[in-house]
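# Architecture and fold: a report
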Amino acid sequence: PIVLIAALEQKPIDHDRLCFVQGEINEESLTRANLADASTVIVIGDDHLVESARDAKSVLSVLTIESLNPDVYTIVELESEKNVQHCRRANANEIIVGGTISSTLISRAALNHGITHVVSELLSSQFGNELYKTVIPQNLSGKTFLSVLTEVKEKHQSLVIAIESKEGKLLSNPAADYEVKSGDSLI
């Protein structure tokens, strides 16, 4: 189930798996939303606020969430890169800076026309290909990245674009001779 906490008058869509808690992010609403049993929390900025206030509210929300459940995986959206350090201090697990992603994508599109179509397809669940992360199968452990890339393409018609080590280090486009280890994840 998904629990939405928002300052809305009513549940935005009628869906069996969506539960709605009306209000702001605070200890009371998080308790009503059963934060104690949550595995992942996504904090999306309040688009009714100016950038600085929006990010400040998001950082405060992450602090509140992490203080109540330090084991939950917290993803937060920010507007400004300068507030990333505050979310790191608040123990956010993933921080997405919308402005940085947009400006980088725009500059890439200016240099490589059409690249946004590929990125949009990878990020969309409506059509085409998608991004996934999966723990490496035991039969691929100890092989080179090139061998893993070839085998995954041949057997699953998928591309491996990165490896995440079991320690959490991300290697995008690893060297061909990189040895994939047990516990690594394929992206």
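The coordinates are above.
Note that the structure is a prediction, hence the values are computed from the model and not measured. (Residues numbered from 1 in each chain as written. Predicted model: local features only at pLDDT ≥ 70, side-chain atom pairs only at ≥ 80, totals over all residues. Heavy atoms only, no water.)

### Quick notes on the sheet that holds strand β4 (residues 73–78)
Basically, it comes down to this: Pairing between strands requires that DSSP locate at least two bridges from one strand to the other. Under the scheme used here, helices are H or I runs from DSSP no shorter than 4 residues and strands are E runs no shorter than 2 residues, and both carry numbers assigned from the N terminus. A fitted line through C-alpha atoms serves as each axis, taken over the contacting stretch for helices, and the angle formed by two N-to-C directions is quoted from 0 to 180°. Contact definition: two residues touch when any of their heavy atoms are within 4.5 Å.
Strand order in the open sheet formed by three strands is β3-β4-β5, with parallel pairing between adjacent strands. Here the strands that pair on one side only, and so sit at the sheet edges, are β3 (40–43) and β5 (94–97). Averaged over all pairs of adjacent strands, the angle between their axes in this sheet comes to 10°, without regard to strand direction. In this sheet, β5 lies alongside β4 in parallel orientation, the contact comprising four bridges. By the bridge assignment for β5, Glu77 is matched with Ile96. Sheet strands in contact with helix α2 (residues 51–68) are β3 and β4, and its direction is about 175° off that of β4. Contacting β4 and β5, helix α4 (residues 98–111) crosses the sheet at an angle of about 55° to β5.

### Regarding the environment of Leu78
Mapped onto the secondary structure, Leu78 falls in strand β4. It is 24 Å that separates the C-alpha atoms of Leu78 and Ala110, two residues lying 32 residues apart in sequence. Apart from the residues within four sequence positions on either side, Leu78 is in contact with Asp55, Ser58, Val59, Asn83, Val84, Cys87, Ile95, Ile96, Val97 and Gly98.

### Comments concerning the pairing of β3
The condition is simple: Relative accessible area decides the class of each residue, using a 1.4 Å probe on protein chains only: under 20% of the type maximum gives buried, over 50% gives exposed, and in between gives partly exposed. We call a crossover right-handed when, viewed with the strands running away from us, the connection from the first strand over the helix to the second turns clockwise.
Here β3 shows one buried face, formed by Val41 and Val43, and one open face, formed by Thr40 and Ile42. Relative to β4, β3 is paired through four bridges, and the arrangement is parallel. What sits directly across from Ile42, in β4, is Ile75. Where the polypeptide runs from β3 across α2 and back to β4, its parallel neighbour, the crossover connection is right-handed.

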